[in-house]
Amino acid sequence: MKVKYCRIVAVVTALSALLAVLVLKLVDKYSALERMQAQAERIFRKAAFNDIERAISQESNRLEIQDLPVRYLSDVDWGQHRLQPLDDARKAVGFNMEPNRLSDDYRFCVKEIPMEGPFNFTTKSLNPCWFNSSHQLQCIPYFYLIGVSKSGTTDLYSRINKHMHVFNDGWKEKHWLDFSRYYINKESVSYYASTFSSFTEIVSQQINDKGVSDLVVGDGTPCYFFFSLYWPCYEGNRGLTQPRFTNADVIYKMNPRAKILLSMRDPVKRLFSRYMTLLKKNASSPLFFHQSTSRAIDVYTSCIKVWSARHCAYNGTLYRIVKTRLQEGMYSVFLRDWLKVFPRDQILIFKFEDYVSDLPKHMKSIFKFLELPPISNSTLHAILTRGAKNTLPPSKGKMMPETIDLLQKFYRPYNKELQEILGDSSWSWGYE
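If you're wondering where the values come from, they're calculated on a predicted model, not measured in any experiment.

Visitor: What exactly am I supposed to notice about helix H6 (residues 197-210) here?
Guide: For an α-helix, 3.6 residues make a turn, and residues three or four places apart therefore share a direction. In a regular helix each residue adds 1.5 Å, so 14 residues correspond to 20 Å; H6 covers 20 Å between its end C-alpha atoms and thus fits that length. Buried within H6 are the following residues: Phe199, Thr200, Val203, Gln206 and Ile207. Here the buried residues of H6 occupy an arc of 125 degrees about the axis, which is enough to place them on one side. Residues Glu201, Asn208 and Asp209 are exposed on H6 and point more than 90 degrees away from its buried face. Contact partners of the buried residues in H6: strand S3 (129-131), strand S4 (137-139) and helix H5 (189-194). Following H6 by one or two positions, Gly211 has its phi on the positive side, about 90 degrees.

Given below as structure tokens:
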């Protein structure tokens, strides 16, 4: 009996030891897998940049800066798909799929997104609203403050919303055109209209009570001006190396009478302000900013030597690699596209520097452009005297002189084009 018991104990001990060894091996293998994944991501990121560097250094039209073909899901997959994957390279090394996560290289499209509109807007509302097939009222913006970032857009939007006929829903930047339009179940204009549901309820109530509504609403997303980086997903852009249609076309299709506001700032100061906002810690070093900017200029300059400024400005891969949003200051490239779509009298264009130096003049001009009912002097005074919004303290740092020279040299030809487009020499910002 004792011998049998000892044998059982020995077997259990041996099995326990074997199990312990297997567990240790599994842990070690899992750790190795984690190390391999981390290494793979580092290699992927390095390889991605090297591929771009090689592509833009080759004087050959065979090389595509847009380094990956656009991939679309079938209609069946679209209906069944619940998670939008990261790009193939990241999936290949074991990264989990995440909901509503867009591809890092801007080349993955869950579906070609159609442009919708125009709609049969009701004459009972000053704001563009219509009744859908279910007889429910839906509304989209009356005006768009399309840009550019760090050019007083938050301050301006908050002042416009103080007008008694402008509804403030507390959500300045909807980011539908530049981001959420490419998420699953958010691609339709109906979804976009749903983000203005509070406003729509009030308009509906006013129509029921008074027969008409003179209330309007806006979208103050300052990225709309330049951020058409998901253009391969737009209807009509398939198979192209640069966009035929941009955000301007999407807005025009929805509402050809939309009113567009555009504030532009000295592109050098704008870039620095934006950089300081995004990278508060590292950007405090003038040298760090100079190095990042110099690298960005090298990448875009190399691209433009092979392709065109427009091709490179709309290149999502370069945008991902560079990260400084250098191309946002290539104003003339983007403005040409907006003016191809909208009549000049539907876009109010002004300099940020002029706006802050003569606020009363510009607020009156903006309200007049928006064709809003007149307001009392006391209301206008309250709008003009409220504190400025979203400003950086002057102690945030300064650029190195050589950084300023480098950036002014890069932006000078685009400023010159801007002067020609607008017929005004003051848009040089003194870069002569």
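Visitor: How should I be thinking about the packing of helix H8 (residues 267-278) against helix H16 (residues 401-422) in this particular structure?
Guide: Geometrically, a packed helix pair is captured by the angle between its two axes and the distance between the axes. As a packed pair, H8 and H16 sit with axes 9 Å apart at the nearest point and diverge in direction by 125 degrees. The pairing of H8 with H16 is recorded here as oblique in orientation. Across the interface between the two elements, Pro267, Val268 and Leu271 of H8 pack against Leu407, Gln408, Tyr411 and Asn415 of H16. When the residues that make up the contact of H8 with H16 are grouped by side-chain class, the tally is five nonpolar, two polar and no charged.

Visitor: Quick question: what am I supposed to make of the packing of aromatic side chains here?
Guide: Aromatic rings considered in pairs are described by the distance between their centres and by the relative angle of their planes. A complete count under the given rule lists 27 aromatic pairs for this structure. Geometrically, the ring pair formed by Trp176 and Tyr192 is stacked, given 4.5 Å between the ring centres and 10 degrees between the ring planes. Taken together, the residues Trp176 in the loop between helix H4 (153-160) and H5 and Tyr192 in helix H5 connect sequence positions 16 residues apart. Owing to a relative accessible area of 2%, Trp176 belongs among the buried residues under this scheme. Taking the centre distance of 5.3 Å and the plane angle of 80 degrees together, the rings of Tyr252 and Phe342 count as edge-to-face. On the criterion of sequence distance, the pair formed by Tyr252 in helix H7 (residues 247-254) and Phe342 in the loop between helix H12 (331-341) and strand S8 (347-351) is long-range, its members being 90 residues apart. Judged by relative accessible area, which is 33%, Tyr252 ranks as partly exposed.

Visitor: Help me understand the environment of Pro373 in this model?
Guide: Structurally, the position occupied by Pro373 is in the loop between helix H14 (359-369) and helix H15 (377-385). Judged by relative accessible area, Pro373 falls into the partly exposed class, the value being 24%. With 209 residues separating them in the primary sequence, Pro373 and Met164 have C-alpha atoms 8.9 Å apart. Other than its neighbours up to four places away in sequence, Pro373 contacts His163 and His165.

Visitor: I keep staring at the environment of Phe131 and nothing clicks. Help me out?
Guide: Positionally, Phe131 belongs in strand S3. Judged by relative accessible area, Phe131 falls into the partly exposed class, the value being 46%. Other than its neighbours up to four places away in sequence, Phe131 contacts Thr122, Gln136 and Leu137.

Visitor: Explanation requested: unusual backbone geometry in the structure shown.
Guide: Peptide bonds are mostly trans, and most non-glycine residues show a negative phi. Cis geometry marks the peptide bond from Gly117 to Pro118; its omega dihedral reads -5 degrees. Secondary-structure assignment places Pro118 in the loop between strand S2 (108-109) and S3. The omega angle of the peptide bond from Gly147 to Val148 is -10 degrees, so this bond is cis rather than trans. Here Val148 is to be found in the loop between strand S5 (143-147) and H4. Although it is not a glycine, Arg325 adopts a positive phi angle of roughly 60 degrees.

Visitor: How should the state of the cysteines be read in this particular structure?
Guide: What we call a disulfide is simply a covalent bond connecting the sulfur atoms of a pair of cysteines. Under the criterion given, the structure shown has two disulfides. Disulfide partner of Cys129: Cys139, at an S-S distance of 2.1 Å. Where Cys129 bonds to Cys139 through sulfur, the torsion about that S-S bond is close to 110 degrees, and the disulfide is right-handed. Highlighted residues: Cys129 in strand S3 and Cys139 in strand S4, separated in sequence by 10 residues. Each member of the pair, Cys129 as well as Cys139, is classed as buried. Here Cys303 is linked by a disulfide to Cys312, with a sulfur-sulfur distance of 1.9 Å. In this structure, the disulfide formed by Cys303 and Cys312 twists by about -90 degrees around the S-S bond and is classed as left-handed. Judged by relative accessible area, Cys312 falls into the buried class, the value being 0%.

Visitor: So what exactly am I meant to see when it comes to H12 here?
Guide: Burial of H12 is extensive: eight of the 11 residues sit out of reach of the surface. Within H12, burial applies to Tyr331, Ser332, Val333, Phe334, Leu335, Asp337, Trp338 and Val341.

Visitor: How should the sheet that holds S5 be read in this particular structure?
Guide: Each strand in a sheet pairs with its neighbour through backbone hydrogen bonds, running either in the same direction (parallel) or in the opposite one (antiparallel). Pairing within the open sheet is parallel, and its four strands lie in the order S6-S5-S7-S8. Each edge of the sheet is formed by a strand with only one pairing partner; in this case those strands are strand S6 (218-219) and S8. Sheet topology places S5 next to S6; two bridges connect them, and they run parallel. Along S6, the bridge assignment pairs Tyr144 with Asp219. Relative to S5, H4 is tilted by about 165 degrees, and along the sheet it contacts S5, S6, strand S7 (259-264) and S8. Here H14 sits on the sheet and contacts S7 and S8; the angle it forms with S8, its principal contact strand, is near 170 degrees.

Reading the values: the criteria
Residues numbered from 1 in each chain as written. Predicted model: local features only at pLDDT ≥ 70, side-chain atom pairs only at ≥ 80, totals over all residues. Heavy atoms only, no water. Helix = DSSP H or I, 4+ residues; strand = E, 2+ residues; numbered from the N terminus. Expected span 1.5 Å × (residues − 1). Buried < 20%, exposed > 50% of the residue type's maximum accessible area, 1.4 Å probe, protein only. Arc of directions from axis to C-beta. Contact = heavy atoms within 4.5 Å. Axes fitted to C-alpha atoms, helices over the stretch in contact; angles between N-to-C directions. Parallel < 35°, antiparallel > 145°, perpendicular 65-115°, else oblique. Nonpolar A, V, L, I, M, F, W, Y, C, P; charged D, E, K, R; others polar. Phe/Tyr/Trp six-rings, centres within 6.5 Å; stacked < 30°, edge-to-face > 60°. Disulfide = S-S within 2.5 Å. Pairing = 2+ DSSP bridges.

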